[in-house]
Amino acid sequence: MDTSSHHDLVRALLSARMTVLADLDRDDGAPERLLVRSDATGSFQLSELRDDGTVVTLTELTEPVASARYIPGARRAVIEVDAGGNERIQLFLLDLDRGAPARRLDELEPLTDDPRHGHHNAGISPDGRLLAYTSNRDGGIDFDVYLCDLETREHRQLWKSGSWAHPASGFSPNGRYLSSIVPGPRPLDEQLVLIELEGVRVSVTDTPGQASQFGAPAWLGPDAFLSSTNADGDLRAIERRLPTEVGGARITGSGERFDTDVISSRDGTTAIAVENRDGALAMRRVDLEAGALGEDIATPEPGVIEPTLSADGSTVYYTLTAPRIPGDVFAHDLRTGETRRLTTSALEIPTEELAAPELGSVESFDGETVPYYVYRPRGGEHAPVVVHVHGGPESQAHRLFSPVIQALVAAGYGVIVPNVRGSTGYGKRYASLDDTTRRLDSVRDLAAIHGALGGLGFDPGRAALWGGSYGGYMVLAGLAFQPELWAAGVDIVGIASLVTFLENTSAYRRAHREREYGSLADDREFLVEASPMTHIEAMRAPLFVIHGRNDPRVPVSEAEQIVASLRAREVRCELCIYEDEGHGLARLANRLDAYPRAIAFLDEVVRGA
């Protein structure tokens, strides 16, 4: 393939468009209407998919729309928008029958207007009167729960969380309860909080003495719900419980082989379990009468789904992204078994030309099994290879469409995507193996992956690391602690020093991240030792760095300090800072600039190594 056609192919992959489901109109008797977000214009904007198949564009803003929810009983929605990726999200009211797309924020009614702090939609009451949201405006650190009366526009603090309250499933169907998830005192520890609005009574599902996680309530009626938890085992299982109960009755078959979550219809008649099968999510019916999991619900390809149920439980709507499907919205009729594809996103390359992953695993230094996916390029053995490490660390590499991975494969690289220790999706024991002072054990997993490259048919001497956020830390740590193994690195919004990262990250994130990485007060010596900057003298591989100027999570100073230090030592290093981005690249124009440059960098320093 000549250089120009190769460049065109990479740009086509990076320009692949996707559509994701934002919300479903659940008003009784309403026609089938869905809010969807599409990046067809270069950043995620909002449209409505109507029952006659037409798509009506609702926003054409300069900033991406982060989320949207219908207001029951009204032709309005609440949308979330930040500024330049700073994650200080504000909430706006959007008229769905406005007649023309909103192009400026001043065309919308602001429901919050405090750009110093962030606000996240936590749910809208079934009667459409109350908006619940979380915000850190009271002190700048804790995210507390607030209510906004959508008729009077009056705001009040409902619950002082003392932590970082995350939105869960919103209001119960009768509007009595509002749910939230808050971190517990330990890594990978959560509490499910139910706030009873009348009298503001709070019920907390806690498991003292052990780290446990909980899923959002899937309501079955006014006072009963399903929720996933790993409180009683390594994997998340589904339990049926009451708001006042600490435990509940387990749904048979859940949590036996896979982490399992659950959703339900508003009328409580139907529930769907979602199993994490080695990075692909699969749906199963829940037999509520028998209290057991039922048959699978087929999807066009194994991938990642985000499902929601119609109000009467007859149809499950879901977004599907798979290695060869960028992202589209589907509807599955649970009565007939028929699946309809509601959107078809643009991809200029035939599906059969995209790479599908193979599953594999390797034994690490201590006998721990590390799973991975392998993407193979066309055309021969002994290809150069990129090890692509996910962020988090409390996250997982899934079997989904990645334009970067597909572009690397199209450029002739093999790609290995590991789920190193600390990844979720394989039980809480595995997810805890990198906590605090065990951080470098996950870096040692990279050496195990490198040791398997030759047997997989790749060239170990031409192996590079690529990763974003925590994956960026892993890139820098691999180059610092294993300089003899890696020929180059691509670091995207990565952590160079765990100490300066914790000192300079947004105040509301510091306490949350110290649970995972260790605290500045108690673990500083280890944080220094585990930081790539401490071992900068050992780093010799060429490095390509991408960062957003407005990143509130990993400050741009992390990129600047490691680049300055490497350049002072005359180690080749390139730096791309984007002034209108935050924690990652949300805009197509920036992705089309950064990623081809990064691949061209690898072509120069790795392919000929």
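Note that the structure is a prediction, hence the values are computed from the model and not measured. (Residues numbered from 1 in each chain as written. Predicted model: local features only at pLDDT ≥ 70, side-chain atom pairs only at ≥ 80, totals over all residues. Heavy atoms only, no water.)

Caption draft 1: Up close: the pairing of strand β29 (residues 358-363). Summarising the sheet, β29 and strand β30 (residues 369-375) pair through six bridges and their orientation is antiparallel. Following the sheet pairing, Glu 363 is matched in β30 by Thr 369. In this antiparallel pair of consecutive strands, β29 and β30, the connection spans five residues, and Gly 367 shows a positive phi of 90 degrees. (Pairing = 2+ DSSP bridges. Helix = DSSP H or I, 4+ residues; strand = E, 2+ residues; numbered from the N terminus.)

Caption draft 2: Just the pairing of strand β13 (residues 166-171), in detail. Where β13 and strand β14 (residues 177-183) come together, three bridges link them in antiparallel fashion. By the bridge assignment for β14, His 166 is matched with Ile 181. Counting the residues between successive antiparallel strands, the hairpin from β13 to β14 contains five residues, one of them, Gly 175, with a positive phi of roughly 75 degrees.

Caption draft 3: Structural detail: the sheet that holds strand β5 (residues 65-70). Spatially, four strands are ordered β5-β6-β7-β8 in an open sheet, and the strand pairing comes out antiparallel. At either margin of the open sheet sits one strand with a lone partner, and together these are β5 and β8 (109-110). The pairing of strand β7 (residues 90-95) with β8 spans two bridges and is classified as antiparallel. Paired with Leu 93 across the strands is Glu 109, a residue of β8.

Caption draft 4: Representation of the packing of helix α4 (residues 439-452) against helix α5 (residues 470-481) in the model. Where α4 contacts α5, the two axes come as close as 10 Å, and the packing angle between them is 70 degrees. On the basis of their axis angle, the class for α4 and α5 is roughly perpendicular. Contact with α4, carried on its side by Arg 439, Leu 440, Ser 442, Val 443 and Leu 446, involves Tyr 470, Tyr 473, Met 474, Ala 477, Gly 478 and Phe 481 of α5 and no other residues of that element. Tallied by class, the residues present in the contact of α4 with α5 amount to eight nonpolar, two polar and one charged. (Axes fitted to C-alpha atoms, helices over the stretch in contact; angles between N-to-C directions. Parallel < 35°, antiparallel > 145°, perpendicular 65-115°, else oblique. Contact = heavy atoms within 4.5 Å. Nonpolar A, V, L, I, M, F, W, Y, C, P; charged D, E, K, R; others polar.)

Caption draft 5: Structural detail: the packing of aromatic side chains. Tallied over the entire structure, the rule returns eleven aromatic pairs. Between Tyr 177 and Trp 219 the ring centres are 5.5 Å apart and the planes differ by 15 degrees, which places this aromatic pair in the stacked class. Here Tyr 177, found in strand β14, pairs with Trp 219, found in strand β17 (residues 218-219); they are 42 residues apart in sequence, far enough to count as distant. Of the two residues, Tyr 177 and Trp 219, neither departs from the other in class, the shared state being buried. Ring geometry for Tyr 318 and Phe 330: centres 5.5 Å apart, planes at 10 degrees, overall stacked. Taken together, the residues span a long stretch of sequence, with Tyr 318 in strand β26 (residues 315-322) and Phe 330 in strand β27 (residues 325-333) at a distance of twelve residues. (Phe/Tyr/Trp six-rings, centres within 6.5 Å; stacked < 30°, edge-to-face > 60°. Buried < 20%, exposed > 50% of the residue type's maximum accessible area, 1.4 Å probe, protein only.)

Caption draft 6: Up close: a nonpolar patch on the surface. Taken together, the side chains of Val 200, Val 202 and Val 204 present a nonpolar region at the surface, about 190 Å² in accessible area. According to the relative accessible area criterion, Val 204 is partly exposed, its value standing at 42%. (Patch = residues over 30% accessible without salt bridge, like charges linked within 9 Å, V, L, I, M, F, W, Y side chains within 5 Å. Areas by Shrake-Rupley, 256 points an atom, 1.4 Å probe, with all protein chains shown as cover. Salt bridge = Lys/Arg side-chain N within 4 Å of Asp/Glu carboxyl O.)

Caption draft 7: Seen up close, the nonpolar core. Of all hydrophobic cores here, the largest spans 56 residues; its most connected members are Ile 416 and Tyr 473. A per-element tally of this core places α5 first, with eight residues. Once residues lying within four places of it in the same chain are set aside, the contact partners of Tyr 473 are Arg 439, Leu 440, Val 443, Gly 494, Ile 495, Leu 498, Ala 530 and Pro 532. Ranked by size, the runner-up nonpolar core spans 45 residues in total, among them Val 409, Trp 466, Ala 594 and Leu 602. (Core = buried A, V, L, I, M, F, W, Y, C linked by side-chain atoms within 4.5 Å.)

Caption draft 8: Structural detail: the sheet that holds β27. Spatial ordering of the open sheet is given by β25-β26-β27-β28, a layout of four strands whose pairing is antiparallel. Each edge of the open sheet is held by one strand with a lone partner, namely β25 (304-309) and β28 (339-341). Each adjacent strand pair in this sheet contributes to an overall mean axis angle of 25 degrees, direction not counted. Examined bridge by bridge, β27 and β28 share three bridges and lie antiparallel to one another. Across the sheet, residue Ala 331 finds its bridge partner in β28, namely Arg 340.

Caption draft 9: Quick look at unusual backbone geometry. Cis geometry is found at the peptide bond from Gly 392 to Pro 393, where omega equals 5 degrees. The residue Pro 393 is located in the loop between β31 (383-389) and α2 (403-410) in this model. Even without being a glycine, Asp 278 presents a positive backbone phi close to 55 degrees. By the element assignment, Asp 278 lies in the loop between β22 (271-277) and β23 (280-287). The class of Asp 278 is partly exposed, set by a relative accessible area of 24%.

Caption draft 10: View of the confidence of the model for the chain. Looking at the chain, the pLDDT average stands at 91 and 97% of residues meet or exceed 70. Helix α1 (residues 3-14) is the least confidently modelled element of the chain, averaging 74 in pLDDT, while strand β34 (residues 488-492) averages 98, the highest of any element. (pLDDT = per-residue confidence, 0-100.)

Caption draft 11: Representation of the side chain of Ser 442 within the structure. Secondary-structure assignment places Ser 442 in helix α4. Setting aside residues no more than four positions away along its own chain, Ser 442 makes contact with Val 420, Arg 421, Asp 434, Tyr 470 and Met 474.

Caption draft 12: Region of the structure containing the environment of Ile 251. Tracing the backbone shows Ile 251 in the loop between β20 (249-250) and β21 (259-264). Sequence-distant contacts of Ile 251, defined by excluding residues within four places in its chain, comprise Leu 226, Ile 238, Val 286, Gly 291, Ala 292 and Leu 293.

Caption draft 13: Structural context of the pattern of salt bridges. In this structure the tally under the stated criterion is 45 salt bridges. Between Arg 587 and Glu 63 there is a salt bridge, and its shortest N-O distance comes to 2.6 Å. Here the residue Arg 587 occupies a position in the loop between β36 (573-578) and α10 (588-605), and Glu 63 occupies one in the loop between β4 (55-57) and β5, the gap between them amounting to 524 residues. Of the two residues, Arg 587 and Glu 63, both sit in the buried class. Of the charged contacts, one joins Glu 151 and Arg 129 as a salt bridge, the two residues approaching to 4.0 Å between their closest N and O atoms. Here Arg 129 lies in the loop between β9 (119-124) and β10 (130-135) and Glu 151 lies in the loop between β11 (144-149) and β12 (155-159), a separation of 22 residues in the sequence. Judged by its relative accessible area of 61%, Glu 151 is exposed. What makes Arg 129 partly exposed here is its relative accessible area of 38%. If you follow the salt bridges from partner to partner, you end up with Glu 48, Arg 50, Arg 75 and Asp 97 in one network.

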